[in-house]
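# A structural walkthrough
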Amino acid sequence: MILPLHSTLRERILHALRDRYSLDEASLPSVVIEYPPQRRMGDLAVTVAFELARTLRKSPRVIAQEIVETIGAKSELGRLEATGAGYLNLFIDRPAFCRAWLGGIAAAAPSGDAVKTIVEHTAINPNKAAHVGHLRNAALGDTLCRLLTYRGASIEVQNYIDDTGVQVADVIVGLRVLEDKSLDEVVALADEDRFDYYCWDLYARVTTWYEEDEARLSHRRDTLHDLEHGVAPTSKIGAIVTDRIVRCHLRTMSRFGVEYDLLSWEGDILRMQFWDRAFEILKSTGTVFLQPEGRLAGCWVMPIDESSAEDEDVSDDAADALDTRLKVIVRSNGTVTYVGKDIAYQLWKFGLLGQDFHYRLFGYQDSGRPLWATTSGDPSTDGTQGPVPAFGQAGAVYNVIDTRQSYLQQLLIQALTALDHPDEAERSVHFSYEMVALSKATAQALGYQTEDNGRPFVEVSGRKGLGVKADDLLDQVRDHAEQEVANRQVDLDAEGRRRIATIIATAAIRYFMVKFSRGKVIAFDIDEALSFEGETGPYLQYAAVRARKILQKLETELALDRDAILTGLDALPSEGLDDEEGDGLWDLVLEASRLDEVAEQAVRTLELSVLAKYAFGLAQRFNTFYHSSPVRAEERETVRRWRAVGVLYFESQLTRALDLMGCEVPERM
RNA sequence: GCGCGUGUAGCUCAGUUGGAUAGAGCAACCGCCUCCUAAGCGGUAGGCCCCAGGUUCGAAUCCUGGCACGCGCGCCA
């Protein structure tokens, strides 16, 4: 763990600045700590001397030297050196660092703020199978949850189920009109395997069917109405379809190691009349108002704050502009728009609505974790699952939703502000990311006609049935992994091969989903996803497996188990660690120690790819070390021991980094 | 039109709060399995960091103005 050392170094320097230059708090610069481009220059670098050059009217180099004089070149941290044009570089005392921090490998994670935090992710329309786009959402959302938990927050994971929306209505239309199914037939069908796949195709057919004759859209309208008002048999069919599809999604996600605490059903928001309450609040505060005339006559609207646009010289177009700056919350026919429902839901998340759902136990997940669902009916708990957790009432909320909904998420935050909840608005975070498209090659391989529009990718469309289903992808990657495992682990039985292949496939896909910056469109390419070489999940797993193998050998052949490796480091001479020979080992240890810093950065910037990149770089360093520095075969006991320490620490940190991304390490591969 | 995002090696992408010689992976080429697993390692080659100004001791990074591409802007969600 490197952050405590950062803090100590930072404090030392600030202290020195106060002492030496009598700087007051306001004029103290921020002490930026970074890593020199080459290890021989030092382990940490501070650039504060550059920033002070102007105010102190001295050259950075002189300032750096004076700071070193003030602090003292040698300390228990290591050796501080003024170098280059004014850098302040620290050479960490390697043995001291290892003794201080590696002994506590199992020590608790650093704590960020311990506020209760709700993360909403996945939220797939419950009308068809999950596809690669949903996988990006879930992988990011789940990794975010794990990171926040690692940093000490208490997390509640919610999966929003839009069971009263257009997409569900369309599949119901497909079942009833195109397929002419009765309620009983739908029940039977929904219990069959891969009902989500069936609906995938049906949904695409309905889309085509509408396109053939627009008048058919009346079926959608009627179905939507019946869904919202609980009219049988539509509402009954809707309940069956969405329940079964949600269970399909949960099974798919569990294959990726993704679990939830609560399923929030939109229908419950309607039936619990959350909206009525929210509407009262919005009206009484003047956040929404009735539009008396014009294009939006009869609608309750919310003004859209576009204060981000700085030049306010809207002279002539003022009236016109005013019109476009209104967002309809309640339609003139009295129905609520999506934004309205979302405002109510968001208020509930923060405990600001003054109302609560009822809850039912939905089931238990792979890890044994209970999964709850909202309900508007009888809670009907049988009492065996213990008390209902206190859902909602969060201090912070993250909504993991793709970037296309930025505008609406912005409105949500704006509504909170208008309702005089600035703190909640501040802690209402839209975790946005770009969509997943298909590479041309992959789209063609799937048999889709791709017109040559000059774009390098083809947009996924659930509506058209164009996309790679999540389960298909996992199956395919797993089969490939199984082949690879069979090639290498000939003594393993089929079950063992399958188990390991599954772990590898999950890591391959999850790593693939987080390694890109969130602002980048992923042009999903099946060949790329199937690759296990280079910057991939399996590469990381392989490094961890190798490290474990070394530890295993040390234990079985030299009776050096994990405890023994860490025992008595105080008395161990530093041979093989702080000499030139130990540079590679030290490089590995220092990098391994940065996990806390990287986790902090990932959460601060919401850029989870930094975690992926870090883990990859760490694995690379290990592989370099692996090829240059034998451990078991090393004859000098001291050197062997320090290497063992490094391998142990690396294995522990990489395993944790992988776990943060929802990836396991197989026993061998 | 307005808003958001993206533009870095042949391809796919990193590049931290502005910092030292711009890095990975893939593809290409040349090497390395008596050695803790070659899903690995070493090496070669490959760059107008979209363009033009500006700020700074210092700019791929910040600011301004362009250009290109993507997404959004509905009484859909």
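Residues numbered from 1 in each chain as written. Chains lettered and ligands numbered in written order. Predicted model: local features only at pLDDT ≥ 70, side-chain atom pairs only at ≥ 80, totals over all residues. Heavy atoms only, no water.

Glancing now at the overall build of chain A. When you go through chain A residue by residue, the secondary structure sums to 26 helices and 17 strands. For chain A, the spread of C-alpha atoms along the principal axes amounts to about 80 × 70 × 60 Å. In chain A, buried positions account for 53% of the 669 residues. Contacts in chain A between residues at least 24 apart in sequence constitute 74% of all its contacts with a sequence separation of at least 6. Within the structure as shown, chain A displays about 29,800 Å² of accessible surface, and the carbon and sulfur contribution to it stands at 47%. A distance of 4 Å separates the average location of the 74 positive side-chain charges in chain A from that of its 105 negative side-chain charges. (Helix = DSSP H or I, 4+ residues; strand = E, 2+ residues; numbered from the N terminus. Buried < 20%, exposed > 50% of the residue type's maximum accessible area, 1.4 Å probe, protein only. Contact = heavy atoms within 4.5 Å. Areas by Shrake-Rupley, 256 points an atom, 1.4 Å probe, with all protein chains shown as cover. Lys, Arg positive; Asp, Glu negative; His and termini not counted. Charge placed at Lys NZ, Arg CZ, Asp CG, Glu CD.)

This part covers the packing of helix α24 (residues 595–605) against helix α25 (residues 609–628). Helix-helix packing: each pair is described by the crossing angle between the helix axes and the interaxial distance. Interhelical geometry of α24 versus α25 gives an angle of 155 degrees and a closest axis separation of 8 Å. Taken together, the axes of α24 and α25 are roughly antiparallel relative to one another. Of α25, the residues touching α24 (which contributes L595, V598, Q601 and A602) are V610, L611 and Y614. Looking at the contact of α24 with α25 residue by residue, the class counts come to six nonpolar, one polar and no charged. (Axes fitted to C-alpha atoms, helices over the stretch in contact; angles between N-to-C directions. Parallel < 35°, antiparallel > 145°, perpendicular 65-115°, else oblique. Nonpolar A, V, L, I, M, F, W, Y, C, P; charged D, E, K, R; others polar.)

A word on the pattern of salt bridges. Oppositely charged side chains are able to pair whenever their charged atoms sit close together. Following the criterion strictly, the structure yields 54 salt bridges and no others. Of the charged contacts, one joins D268 and R271 as a salt bridge, the two residues approaching to 3.1 Å between their closest N and O atoms. Residue D268 and its partner R271 are located together in helix α11 (residues 266–271), separated by three residues, close to a single helical turn. In this structure, R478 engages D479 in a salt bridge whose closest nitrogen and oxygen atoms are separated by 3.0 Å. (Salt bridge = Lys/Arg side-chain N within 4 Å of Asp/Glu carboxyl O.)

With that settled, the discussion passes to the protein's contact with RNA strand B. The local shell around RNA strand B holds 65 residues, among which R54, R488, S517, Y542 and K549 are the closest. A distance of 2.5 Å is found between a base nitrogen of RNA strand B and a backbone nitrogen or oxygen belonging to M669. Breaking the surface near RNA strand B down by element, the ones donating at least two residues are α2 (48–56), β4 (87–92), α15 (406–418), α18 (470–488), α21 (537–558), α24 and α25. The residue inventory of the surface near RNA strand B, partitioned by class, reads 28 nonpolar, 15 polar and 22 charged. (Near = heavy atom within 4 Å. Polar contact = N/O pair within 3.5 Å; in protein donor to acceptor, adjacent residues only side chain to side chain.)

Partitioning chain A into structural domains gives domain 1 (3–92), domain 2 (441–530) and domain 3 (537–660). A separation of 48 Å is found between the C-alpha centroids of domain 1 and domain 2. (Domains from an automatic or database assignment.)

In spatial order, the strands read β11-β12-β7-β6-β5-β13-β14; together these seven strands make up an open sheet with mixed pairing. Whereas interior strands pair on both sides, the edge strands pair on one side only; in this sheet they are β11 (358–364) and β14 (428–433). Adjacent strand axes in the sheet meet at a mean angle of 25 degrees when their direction is disregarded. Note: strand β6 (residues 154–161) against strand β7 (residues 262–265), four bridges, orientation parallel. The residue of β7 that forms the bridge with Q158 is L262. Sheet strands touched by α15: β13 (396–402) and β14. Its angle to β14, the strand with the most contacts, is close to 175 degrees. (Pairing = 2+ DSSP bridges.)

What follows concerns the packing of aromatic side chains. All told, the structure shown has 18 aromatic pairs when counted by the stated rule. For the ring pair F50 and Y87, a centre distance of 5.0 Å and an interplane angle of 70 degrees mean the geometry is edge-to-face. On the criterion of sequence distance, the pair formed by F50 in helix α2 and Y87 in strand β4 is long-range, its members being 37 residues apart. Here Y87 falls in the partly exposed class, since its relative accessible area comes to 34%. One Lys or Arg, R247, reaches over the ring of F362 and ends 4.0 Å from the middle of that ring. In this structure, K283 packs its charged tip against the face of W300, placed 5.3 Å from the ring centre. (Phe/Tyr/Trp six-rings, centres within 6.5 Å; stacked < 30°, edge-to-face > 60°. Lys NZ or Arg CZ within 6 Å of the ring centre and 35° of its normal.)

What follows is about unusual backbone geometry. Of all residues except glycine, most have a negative phi; of all peptide bonds, most are trans. Note the cis peptide between A232 and P233, where omega equals -5 degrees. If you trace the backbone, P233 turns up in the loop between α9 (217–229) and α10 (234–255). Residues other than glycine seldom take positive phi values, yet L606 does so here, at roughly 55 degrees. If you trace the backbone, L606 turns up in the loop between α24 and α25. Under the relative-accessibility criterion, L606 is labelled buried at 10%.

Attention now moves to helix α23 (residues 583–592). Counted residue by residue, α23 has eight buried out of 10 residues, so it is predominantly covered. Contacts made by the buried residues of α23 are with β4, α4 (94–102), α24, α25 and α26 (637–660).

A few words on the environment of V397. Its place among the elements puts V397 in strand β13. When its relative accessible area of 0% is taken as the criterion, V397 is described as buried. With 217 residues separating them along the chain, V397 and Y614 place their C-alpha atoms 26 Å apart.

This next bit is on the packing of α23 against α26. Relative to each other, α23 and α26 sit at 30 degrees, their axes nearing to 9 Å. When the axes of α23 and α26 are compared, the pair comes out roughly parallel. Remark: the crossing between α23 and α26 carries left-handed chirality. Together, L585, L588, V589 and A592 of α23 and W642, R643, G646, Y649, F650 and Q653 of α26 make up the contact between the two elements. Residue classes in the contact of α23 with α26 are distributed as seven nonpolar, two polar and one charged. (Left-handed = near helix turned anticlockwise from the far one by under 90°.)

Attention now goes to the sheet that holds strand β16 (residues 457–459). If you walk across this open sheet you meet the three strands as β16-β15-β17, and the pairing is mixed. Strands with a single pairing partner mark the edges of an open sheet, and in this sheet they are β16 and β17 (522–524). Strand-to-strand twist of the sheet, defined as the mean angle between neighbouring strand axes without regard to direction, takes the value 45 degrees. Pairing of strand β15 (residues 436–439) with β17 involves three bridges; the strand directions are parallel. Across the sheet, residue V436 finds its bridge partner in β17, namely I522. Set on the sheet, helix α5 (residues 132–150) makes contact with β15 and β17; between it and β15 the angle comes to about 135 degrees.

Relative to the helices and strands, V168 is located in helix α6 (residues 166–178). Beyond its immediate chain neighbours, meaning those up to four positions away, V168 contacts P126, N127, D162, D163, L227 and T242.

Our focus in this paragraph is the state of the cysteines. Here, disulfide denotes a covalent bond that connects the sulfur atoms of two cysteines. Tallied over the full model, the rule gives zero disulfides. Free of any disulfide, C248 has its nearest cysteine sulfur in C199, 8.2 Å distant. Assessed through its relative accessible area of 8%, C248 is described here as buried. (Disulfide = S-S within 2.5 Å.)

Over its 13 residues, α15 extends 18 Å from the first C-alpha to the last, a length consistent with the 18 Å expected when each residue adds 1.5 Å. Looking at α15, one finds that the buried residues are Q409, L411, L412, I413, Q414, A415 and L416. Buried-residue contacts for α15 involve β9 (300–303), β10 (326–330), α14 (338–349), β13, α16 (422–426) and β14. A positive phi of about 65 degrees marks D420, the residue just after α15. (Expected span 1.5 Å × (residues − 1).)

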